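# Reading the structure
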4 protein chains.
Amino acid sequence: MKRLNIGVIGAGRIGTVHTETIVRSVPEAQVVAIVDVNIAAAKELAERNMVKSYSADYRTITQNPDIDAVIICSPTDVHALHATVAAKAGKHIFCEKPIALDLDTIRRVLQTVEQSRVKFMVGFNRRFDPNFRKVKDMVVQGKVGEPHIVKITSRDPAPPPAEYVAVSGGMFLDMTIHDFDMARFIVGDEVEEVFAIGAVKVDPAIGKAGDIDTAVITLVFRNGALGIIDNSRQAVYGYDQRVEVFGSGGMVKVDNNAPDTHDYYARDGVHSSLPLNFFMDRYIEAYASEMREFCRVVACDEPVSVGGKDGLLSVAIGLAAKKSLETHRPVKVSDILAGTA
Amino acid sequence: MKRLNIGVIGAGRIGTVHTETIVRSVPEAQVVAIVDVNIAAAKELAERNMVKSYSADYRTITQNPDIDAVIICSPTDVHALHATVAAKAGKHIFCEKPIALDLDTIRRVLQTVEQSRVKFMVGFNRRFDPNFRKVKDMVVQGKVGEPHIVKITSRDPAPPPAEYVAVSGGMFLDMTIHDFDMARFIVGDEVEEVFAIGAVKVDPAIGKAGDIDTAVITLVFRNGALGIIDNSRQAVYGYDQRVEVFGSGGMVKVDNNAPDTHDYYARDGVHSSLPLNFFMDRYIEAYASEMREFCRVVACDEPVSVGGKDGLLSVAIGLAAKKSLETHRPVKVSDILAGTA
Amino acid sequence: MKRLNIGVIGAGRIGTVHTETIVRSVPEAQVVAIVDVNIAAAKELAERNMVKSYSADYRTITQNPDIDAVIICSPTDVHALHATVAAKAGKHIFCEKPIALDLDTIRRVLQTVEQSRVKFMVGFNRRFDPNFRKVKDMVVQGKVGEPHIVKITSRDPAPPPAEYVAVSGGMFLDMTIHDFDMARFIVGDEVEEVFAIGAVKVDPAIGKAGDIDTAVITLVFRNGALGIIDNSRQAVYGYDQRVEVFGSGGMVKVDNNAPDTHDYYARDGVHSSLPLNFFMDRYIEAYASEMREFCRVVACDEPVSVGGKDGLLSVAIGLAAKKSLETHRPVKVSDILAGTA
Amino acid sequence: MKRLNIGVIGAGRIGTVHTETIVRSVPEAQVVAIVDVNIAAAKELAERNMVKSYSADYRTITQNPDIDAVIICSPTDVHALHATVAAKAGKHIFCEKPIALDLDTIRRVLQTVEQSRVKFMVGFNRRFDPNFRKVKDMVVQGKVGEPHIVKITSRDPAPPPAEYVAVSGGMFLDMTIHDFDMARFIVGDEVEEVFAIGAVKVDPAIGKAGDIDTAVITLVFRNGALGIIDNSRQAVYGYDQRVEVFGSGGMVKVDNNAPDTHDYYARDGVHSSLPLNFFMDRYIEAYASEMREFCRVVACDEPVSVGGKDGLLSVAIGLAAKKSLETHRPVKVSDILAGTA
């Protein structure tokens, strides 16, 4: 098996994560080129990881015949462009979420991908987290019986700047999209209907930017299961990511990870460590598993476990949640998909 | 301080709980009379607890000048009758929830109570549970800052018989009513709006009786806090009663109680005890605290901590949830209270 | 089954515990007489629990033909006297630990008890704690296989006054005696050898009184299992009582009980409740089970589960530990029993 | 700062761990040569990690002027030879524990090291584990006050083959040596006296080889603290590594790490994951921190945190434990060091 040559488009935070993950944890692949419109960022990331080539032009990757696959970590508004060009050039694609903020664009990308017969994987890293994977496995094994209620808690340690919020597509497409994907992943069925309530509790600037920072979303699945997601842009105690599934056969839940297992018994109480505060620490194993899967999928021509349909439907559910919040009523995902909501 | 004389109306399961709680844990009071239309039940309960008098006629209690207070544990449909007669006779009243299944009846009872100037306490025992009390105290102390999200999980170990379901007023008024009261108690503010989704997942007979057995309810509070309740009539692993409050200053959550603290490490995993399976075991301390408060309130002429308004509003929220489930839209509690929903 | 009449000798802390336990939780028995050389204490305890008779003379109990059984809660130095007289009077006996501080006295008591054919139960209340009972049950069921290592942590929340220490028989006979009994109970076999190290870490006055306040004791059992006990007279975080058994088939351990299950996530860590701080709170269920067993044993002529032999051997192990500490070498329990150590 | 060139002597299990740790997690260093008398093993490890040179002769490392430091992972009986030659050649040394099985040899090695003025670090990897590091930090910060009792549980998932046992130096020098070092590390003071009891409980072949497989060791520290270590060669539920420190100000304890945080509530109990079963999984972070420290120490000429004295004293305590087991009495470490035990 020859070593996979990979080009990374986007040298920001998540581009760095994927580059370093491949360098450290995926011996079957190597990053051979890094691109960023900010050439200094591309250079810095390339040099730090002994990657030979860097550039400001993404076509140096898509036109390079030695490159097998691209990892798209550019801003959301150029995901579709980069994915389309890469697909036409016959490169396999790993694309960060969301593919785009509207369904038409996503559909066009997926059509091109299909015609080009390249692999297309979407960056829902949490599916690869050992905790959530365990929940999924137990559901698949029938340990909880028929799922009746799935509960997802997803709270960030600190809100993004208001200027980011303005271009993010809104909390549901930027943050909750991970939870929508998780809900589908865990239940193993499709969301039919969404009802969302929200509030501005963390930062008034987020409200001024037209978004919310606190939300509760309920889901109804095709198989009749009920879902709950609760979100906040700021948990002062850190990154809070938990899942619980309740069903006819029992319940499984996973808690956060902490940096150590200590319990300190003092005069004033028992104290222990906060959850890991940073998404990179929490999901370090998930990023490695995700990249290993992508490389294996490409190298061995295996099916992708999280692909275009997942990218499309998570956005559709996000748009349904947005519509529900605006209209203050439950919204059917099928109406969003049909454009009739 | 003279010893309080108490009459118990209703010798069923909850009447037994309250009688034995007073005998064992409230030395400042004594049960002097027990009434049940099933005279054998009254006799049996009286004799087992060395209570001198028993009868099938509740007026032997309301007309007994030696009795200071009554505990109403009769079926829901006669709560109002018993409370009204007792109030008019000047007896202080502890009334099991719900006071009635409709708001008009409840309002008439509360009016009589007010005119009679007797104490009136409603049996929301969970407010006296050490776990939930701890959450409440921490919220009041400002430990979680401004509450943003409150989450209540409330699942029974086994569903009631379908014939009971038919006369219960439905899951929201029979079971979730405890959670509606808990939500108000914890947040310390009123629920403005309710949205409910539900399903029949546990027992088709419950569906045939026109009820549901699985539900997710979202709440919006006056202060902008968001609430989530999830219910099931059957958790195969036992009685599951948890609360979590998330706010600007942190999060507090309480877990179930177990009969012991053991962890068993075997070849196939780590195993520990299930939650206490029976409401009596789980809430034994709560029932004792509740009865001690009632007796102290009567004896020392203190204000009641959980009274008529709490009994009224929990039913109003339950009716809003019912309406929401029927109409598949969010319902305002004020519309229920105004009769305009 | 007639109601058992019980006399309590000693109206101090533990006499109060047993009296109130019977009044509240053992309907099959009643306390009919309380004796204490401090007549005021006897009167106060009797009146508070509606016990008809009280006295300063223990013979008012032993000579009362209506009394079936006595509970001996007097100071250790008169346990033997009270037990002997009671036995000769044909009263069944529950005796607090230790029976006496020397083996000869204990043997004489046990001989009298045997000749009198009365029941004799020793107050090792911890055997009735749900946590330790669970460990015992799992060992008996073979869940841990052959026990290899048993570990007992036993730390008091605060040291006793130095004047008490002076007459207590020393930490091993006053405090660790519970752990010696627990070790025998859990392993289900006899201790053959003891090695003890100790220190004065908590209170120099305890050292001046000739005792220690911190200790580690290792045990070798007849079946080859190894045991560890660690003790302190002062855990600033409360009453710390844990047991762990490790064997060929796995490990089971039990933790402390807390007043509630809350976890509070704040900026500076996760915080939860300390263990129950007071022996009465921790062992309230154990005391009730213990008294119910004693009353059942007497009423139904059943065998005692924790009797004279247990009282004798726990003291013998304590004396071995004392000898080990003095001589700085391991000491055989058989040498203590034979008087040849 | 130039990149450090490292040679690894010994391509077995631990040599592989250190080699791969440097390749993956220590960008400031590179492994340039691997030696093993089994040349096939050296070749395989070198090729898998893109190390240029391999050999069967350790002098190809010690005589290579381009190599800055050596990592000694050879069998214990040649640690001293390899360390001595490397020191004389001016190579900095990381040496796996134990340095040797007798004190004279260790002293000779340390003398040579001192004369050669090279860095010398001993492989007590557990000091770098985040859990134990947390305990150490809290002790240093005074969080537990004066340490009174330290408890170490250390149990392997499966016993080594009897043929390994025969040349291992015995359980105390092979396995417990880690715990002796941990005890000194945590308490921050020296062990004065040791008492050991042991048994053959896991595998009779270990007994035939003259060793034990189950042990309890008590320690007395110079500052008066008491220590307990319990060991087993086989915990059927996995690798069990816990530490607890109790002191005048409180208690801190750390538990095992698990692969995930799931709790599964089923009809028959609550179930969760076993501890990580393999030392490599449990200590993966510790090995990385350890190697990073070694490389930093060498590159920046910093003091070693775990050095020759630690290597010497852990063996001395192990020899004291051995002597104690043989003579069935407490043994002073100073007598072992003076050769008078």
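Residues numbered from 1 in each chain as written. Chains lettered and ligands numbered in written order. Predicted model: local features only at pLDDT ≥ 70, side-chain atom pairs only at ≥ 80, totals over all residues. Heavy atoms only, no water.

## Observations regarding the relation of the copies chain D and chain A
After a rotation of 180° and a shift along the axis of 0.0 Å, chain D superposes on chain A with an RMSD of 0.1 Å. Taken together, the turn and the small shift mark the pair as related by a two-fold rotation axis. When C-alpha distances to the rotation axis are compared across chain D, the minimum falls at D:Arg24, with a value of 2.7 Å. When you check the interface residues of chain D against chain A, 100% turn up at the interface there too, and the contact is symmetric in its surfaces. (Least-squares fit on C-alpha atoms with pLDDT ≥ 70 in both. Contact = heavy atoms within 4.5 Å.)

## Here's the deal with the interface of chain D and chain A
Often the size quoted for an interface is simply the accessible area lost on bringing the parts together. With 28 residues of chain D in contact, the opposing surface of chain A contributes 28 residues. Interface area, chain D with chain A, both sides summed: about 2100 Å², of which 52% is carbon and sulfur. Considering only the side of chain D, the residues that lose the most area to chain A are D:Thr261, D:Tyr264 and D:Tyr265, jointly responsible for 26% of the buried surface there. Across the contact surface, chain D and chain A share zero salt bridges. Applying the counting criterion to the chain D and chain A interface returns 10 residue pairs in polar contact (both at pLDDT 80 or more). Those elements giving two or more residues to the side of chain D that touches chain A turn out to be helix H6 (130-140), strand E12 (250-254) and strand E13 (263-266) of chain D. Of all the elements, E12(D) adds the most residues to the side of chain D that touches chain A, at five residues. Partitioning the side of chain D that touches chain A into residue classes produces 11 nonpolar, eight polar and nine charged. (Buried area = accessible area lost by both parts, 1.4 Å probe. Salt bridge = Lys/Arg side-chain N within 4 Å of Asp/Glu carboxyl O. Polar contact = N/O pair within 3.5 Å; in protein donor to acceptor, adjacent residues only side chain to side chain. Helix = DSSP H or I, 4+ residues; strand = E, 2+ residues; numbered from the N terminus. Nonpolar A, V, L, I, M, F, W, Y, C, P; charged D, E, K, R; others polar.)

## Quick word on the pattern of salt bridges
Residues and elements named next belong to chain C. For the coordinates displayed, the defined rule picks out 104 salt bridges over all chains. Between Arg127 and Asp310 there is a salt bridge; the shortest N-O distance is 3.3 Å. One end of the pair, Arg127, is in the loop between strand E6 (120-122) and helix H6 (130-140); the other, Asp310, is in helix H13 (residues 308-327), with 183 residues separating them in the sequence. Given a relative accessible area of 8%, Arg127 falls into the buried group. We classify Asp310 as buried; its relative accessible area is 12%. Across the pair Asp240 and Arg242 runs a salt bridge, and its minimum N-O distance is 2.8 Å. (Buried < 20%, exposed > 50% of the residue type's maximum accessible area, 1.4 Å probe, protein only.)

## Let's talk about the sheet that holds strand E3 (residues 53-55) of chain B
All names here are of chain B. Spatially, six strands are ordered E3-E2-E1-E4-E5-E6 in an open sheet, and the strand pairing comes out parallel. The open sheet has two edge strands, E3 and strand E6 (120-122), and neither has a second partner. Along the sheet, successive strands turn relative to each other by an average axial angle of 20°, direction set aside. Where strand E1 (residues 4-9) lies against strand E4 (residues 69-72), four bridges are found, and the strand directions are parallel. Counterpart to Gly7 in the pairing with E4 is Val70. Each of E1, strand E2 (29-35), E4 and strand E5 (92-95) touches helix H1 (residues 13-25); the most contacted strand, E2, lies at about 150° to it. Each of E1, E2, E4, E5 and E6 is contacted by helix H12 (residues 284-300), which is oriented at about 160° to E5, the strand it contacts most. (Pairing = 2+ DSSP bridges. Axes fitted to C-alpha atoms, helices over the stretch in contact; angles between N-to-C directions.)

## What about the packing of aromatic side chains?
The relative placement of two aromatic rings is captured by the distance of their centres and the angle of their planes. Taken as a whole and judged by the stated rule, the model has 30 aromatic pairs over all chains. When the centroid spacing of 6.5 Å and the interplanar angle of 40° are considered together, the rings of C:Phe132 and C:Tyr283 count as tilted. Of this pair, C:Phe132 sits in helix H6 while C:Tyr283 is found in the loop between helix H11 (279-282) and helix H12 (284-300), placing the two residues 151 residues apart along the sequence. Across this residue pair, the class does not change: C:Phe132 and C:Tyr283 are buried. On the basis of an interplanar angle of 80° and a centroid distance of 6.2 Å, the ring pair of C:Phe246 and D:Tyr237 is categorised as edge-to-face. Taken together, the positions of C:Phe246 in strand E11 (residues 240-247) and D:Tyr237 in the loop between strand E10 (226-232) and strand E11 (240-247) put the pair across two chains. Given a relative accessible area of 0%, C:Phe246 falls into the buried group. Members of the aromatic cluster, connected to one another through ring pairs, are A:Phe132, A:Tyr239 and A:Tyr283. The side chain of B:Arg155 reaches across the aromatic face of A:Phe246, ending 4.3 Å from its centre. (Phe/Tyr/Trp six-rings, centres within 6.5 Å; stacked < 30°, edge-to-face > 60°. Lys NZ or Arg CZ within 6 Å of the ring centre and 35° of its normal.)

## Considerations on the interface of chain A and chain B
Taken together, the contact between chain A and chain B spans 44 residues of the former and 44 residues of the latter. When chain A packs against chain B, the two sides together hide about 3200 Å² of surface, and 66% of this comes from carbon and sulfur. On the chain A side of the contact with chain B, A:Lys201, A:Leu226 and A:Phe246 bury the most area, a combined 19% of that side's loss. Here chain A is connected to chain B by eight salt bridges. One salt bridge in this structure joins A:Glu244 and B:Arg242, with 2.9 Å as the shortest N-O distance. Those elements that place two or more of their residues in the side of chain A that touches chain B are strand E7 (147-155), strand E8 (191-199), strand E9 (214-221), strand E10 (226-232), strand E11 (240-247) and strand E12 (250-254) of chain A. Among the residues forming the side of chain A that touches chain B, the class breakdown is 18 nonpolar, 14 polar and 12 charged.

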